[in-house]
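If you want the building blocks of each chain, they are given just below.
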Amino acid sequence: VVVSPSGDRAYLGRSAAAAVRAVTWHELECGSYSADLPLWRELALRTAMGTQPVTLLDVGAGSGRVTLDLAAQGCRVTALDLDEDLLAALRAHAQERALDVQTVCADARTFELEQRDFGLCIAPMQTVQLLGGESERVAFLGRVAAHLRPGGLLACAIVTRLEPFDCGNGDLGPSAESRRVGGTLYSSRATRVEVRARHITIERERQIVSAKQTAGERNVVELERLSAAQLRSEGVAAGLRPEPDRVIAPTEDHVGSIVVMLRG
Ligand SMILES: C[S@@+](CC[C@H](N)C(=O)[O-])C[C@H]1O[C@@H](n2cnc3c(N)ncnc32)[C@H](O)[C@@H]1O
């Protein structure tokens, strides 16, 4: 069982092969989502000041699904993540596309950057629900507040509703997503979602098939349960001002999100 980290140091010390696997799983399991991109583009456009491109902080940027899209729109993006292997992949993708992106390997709850005038900070794909409980989220919100320019905007996508299922009990569940890297086929399928009082557990079966081996592992991600009202009040505790939420509609393959908006 691989429990995906929510801020611990489990990422450190991966071998080169393990880094390739980590990036591949990340891109396989997150990379096909695109329903949120129009909202991030809209917020970036709204935040831009005249002809100046928006300076944007993407927290939990991973290997750059959103960062690269916004950099291609002309935003000046700083991508922050705890996982240096994902950031290395992000830099490689940016170079392939001749995009200029800054990367910072840091913890969202403790980061200190020289730049403190970001116009927009985004935390897509439930990243705030990976940070731990209320005190960790308030720490993150405080760090963001310290790095926004006056009037700058923080937008956090959260999932508040997930339908539980368990393939082990005969539920169908979503189909597997697959990707070939060299001669190796990676596939991943969500097999269980359990909604408990404080956490949502998402379990996936992963399989790697190559000429040399077939290997499987079970991956478990724990999301903190969080309502928009709670995140808004935590934002206020961190010195931010709430604005009306936005909604990202569900798609056939992905659940919908609420985007909590907080202004510095
Ligand atoms: C669900 S992924 C989202 C990736 C990317 N933003 C996207 O939307 O495709 C969450 C990301 O948050 C990162 N992360 C988790 N805990 C973090 C923390 N405490 N500080 C910084 N990044 C963190 C993970 O490494 C991962 O890349």
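Residues numbered from 1 in each chain as written. Predicted model: local features only at pLDDT ≥ 70, side-chain atom pairs only at ≥ 80, totals over all residues. Heavy atoms only, no water.

Attention now moves to the packing of helix H2 (residues 37-47) against helix H3 (residues 65-72). Viewed as axis vectors pointing N to C, H2 and H3 meet at an angle of 45 degrees, and their least axial separation amounts to 10 Å. By the angle between their directions, the pair H2 and H3 is classed as oblique. Between H2 and H3 lies a crossing of right-handed hand. Counting all contacts with H2, which are made through Leu37, Trp40, Arg41 and Ala44, the residues of H3 involved are Arg65, Val66, Asp69 and Leu70. (Axes fitted to C-alpha atoms, helices over the stretch in contact; angles between N-to-C directions. Helix = DSSP H or I, 4+ residues; strand = E, 2+ residues; numbered from the N terminus. Parallel < 35°, antiparallel > 145°, perpendicular 65-115°, else oblique. Left-handed = near helix turned anticlockwise from the far one by under 90°. Contact = heavy atoms within 4.5 Å.)

With that settled, the discussion passes to the confidence of the model for the protein. Looking at the protein as a whole, its pLDDT mean stands at 93, while 95% of the residues score no less than 70. Considering only residues more than four positions removed or in separate chains, one finds that residues 1-10, a stretch of pLDDT under 50, has 19 contacts. (pLDDT = per-residue confidence, 0-100.)

With four bridges joining them, strand E3 (residues 76-81) and strand E4 (residues 102-105) adopt parallel strand pairing. Within E4, the position partnered with Ala79 by the bridge is Thr103. Crossover E3 to E4 through helix H4 (residues 84-96) is right-handed. (Pairing = 2+ DSSP bridges. Right-handed = clockwise from strand over helix to strand, strands pointing away.)

Positionally, Arg192 belongs in strand E9 (residues 184-195). Looking at Arg192, its side chain comes within polar contact range of the side chain of Glu194, at 2.6 Å. Sequence-distant contacts of Arg192, defined by excluding residues within four places in its chain, comprise Phe165, Asp166, Thr201, Ile202 and Glu203. (Polar contact = N/O pair within 3.5 Å; in protein donor to acceptor, adjacent residues only side chain to side chain.)

Let us now look at the packing of aromatic side chains. All told, the structure shown has one aromatic pair when counted by the stated rule. Geometrically, the ring pair formed by Trp25 and Tyr186 is edge-to-face, given 5.2 Å between the ring centres and 80 degrees between the ring planes. Of this pair, Trp25 sits in helix H1 (residues 16-30) while Tyr186 sits in strand E9, and the two are 161 residues apart along the sequence. When sorted by exposure, Trp25 lands in the same class as Tyr186, which is buried. (Phe/Tyr/Trp six-rings, centres within 6.5 Å; stacked < 30°, edge-to-face > 60°. Buried < 20%, exposed > 50% of the residue type's maximum accessible area, 1.4 Å probe, protein only.)

Of note, Ala98 is a non-glycine position whose phi angle comes to about 55 degrees, a positive value. Tracing the backbone shows Ala98 in the loop between H4 and E4. Assessed through its relative accessible area of 70%, Ala98 is described here as exposed. Although it is not a glycine, Gln126 sits at a positive phi angle of roughly 65 degrees. As for its placement among the helices and strands, Gln126 is situated in the loop between strand E5 (118-123) and helix H5 (134-147). When its relative accessible area of 15% is taken as the criterion, Gln126 is described as buried.

What follows covers the site of the ligand. The environment of the ligand is formed by 21 residues, the closest being Gly60, Arg65, Asp81, Asp107 and Ala108. In the environment of the ligand, a nitrogen atom lies 3.3 Å from a nitrogen or oxygen atom belonging to the backbone of Leu82. Grouping the amino acids of the shell around the ligand by side-chain chemistry returns 11 nonpolar, five polar and five charged. (Near = heavy atom within 4 Å. Nonpolar A, V, L, I, M, F, W, Y, C, P; charged D, E, K, R; others polar.)

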